[in-house]
Amino acid sequence: QPIAAADGNTSSISTAPLSDAIRFKETWGYVVEGREKDFHSDFPISDACIYAAVVNCYGELSSLPNLSRLSHISCRVHLVLTCYSRGLCHFILQENSKERNELLESLSKAAETYDGVQIDFEAVPLRDGKQFLSFLSDLKSKLGGKILSVAVPARTKAISDDVYAYESIAAIAD
């Protein structure tokens, strides 16, 4: 079976047997709050995404994971921020709004104890695509040297007018 290269380059295809496949440089996993003890340091994971802080109905950062339960995790650790409501996503993505600016500030402060932040906004309205990208860009600048990752829907082909356009997001995120 042909396999895609581990570096993400889809134009580079190998027909080598799976045992000869290029080894991934990074393997990311998720740790759900309350299940931290199920994550073992001998797992072949380079990055653990701690699931999850949420945006509350006022556009504020809430439900931050308890860091004391993460002391046994020896890989890079990322704070995951979720938002599952179209209305709430629209509300917090509005450029120059008080709520957006405060969310960016509180998220960058919360990120100080993590190696990075992952944004998992699954309900961004199509017409807010530009605001989503500018939110990511603003967050990236506030994170300094921290890693910014974005959870996106799996795609096998480009979708016209897609708010989760891989190339646009990849130009901002790490």
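Remember, predicted model here, so these are calculated numbers, not experimental data.

### Some remarks on the nonpolar core
And then number 1: Within the largest apolar cluster, 39 residues are counted, with the highest numbers of intra-cluster contacts made by I73, I119, F121, F132, F135 and L139.
And then number 2: When residues of this core are traced back to their parent elements, those giving at least two are β4 (47-55), β6 (76-83), α1 (86-93), α2 (98-110), β7 (116-121), α3 (129-143) and β8 (147-150).
And then number 3: For this core, the element with the most residues is α3, which contributes 5 residues.
And then number 4: Sequence-distant contacts of L139, defined by excluding residues within four places in its chain, comprise L104, L107, V117, I119 and L148.

### Side note on α1
And then number 1: Taken as a whole, α1 has its buried residues at L88, C89, I92 and L93. Viewed end-on, α1 has its buried residues packed into an arc of 125 degrees, placing them on one side of the element.
And then number 2: Where α1 is buried, its residues meet β4, β6, α2, β7 and α3.

### Describing the side chain of D128
And then number 1: Along the polypeptide, D128 turns up in the loop between β7 and α3.
And then number 2: If we ignore the near neighbours within four places in the chain, the residues touching D128 are H90, L93, Q94 and V163.

### A closer look at the pairing of β7
And then number 1: By the criterion of burial, β7 is predominantly enclosed, with 6 of the 6 residues buried.
And then number 2: Here β7 shows two buried faces, one formed by G116, Q118 and D120 and the other by V117, I119 and F121.
And then number 3: Relative to β7, β6 runs parallel, the two sharing 6 bridges. Among the inter-strand pairings, C83 is bridged to a residue of β7, identified as F121.
And then number 4: The pairing of β7 with β8 spans 4 bridges and is classified as parallel. Each residue of the ladder has a partner; that of V117, found in β8, is L148.

### A short note on the state of the cysteines
And then number 1: On inspection of all chains with the given rule, the structure shows 0 disulfides.
And then number 2: Sulfur of C49: no disulfide; nearest cysteine sulfur belongs to C75 and is 8.9 Å away.
And then number 3: On the basis of relative accessibility, which here comes to 0%, the residue C49 falls in the buried class.

### Digging into the environment of D42
And then number 1: Position of D42 relative to the elements: it lies in the loop between β3 (28-32) and β4.
And then number 2: Looking at D42, the relative accessible area reads 64%, which means it is exposed.
And then number 3: Counting along the chain gives 32 residues from D42 to S74, while the straight-line C-alpha distance between them is 9.1 Å.

Criteria and thresholds
- Residues numbered from 1 in each chain as written.
- Predicted model: local features only at pLDDT ≥ 70, side-chain atom pairs only at ≥ 80, totals over all residues.
- Heavy atoms only, no water.
- Core = buried A, V, L, I, M, F, W, Y, C linked by side-chain atoms within 4.5 Å.
- Buried < 20%, exposed > 50% of the residue type's maximum accessible area, 1.4 Å probe, protein only.
- Helix = DSSP H or I, 4+ residues; strand = E, 2+ residues; numbered from the N terminus.
- Contact = heavy atoms within 4.5 Å.
- Arc of directions from axis to C-beta.
- Pairing = 2+ DSSP bridges.
- Disulfide = S-S within 2.5 Å.

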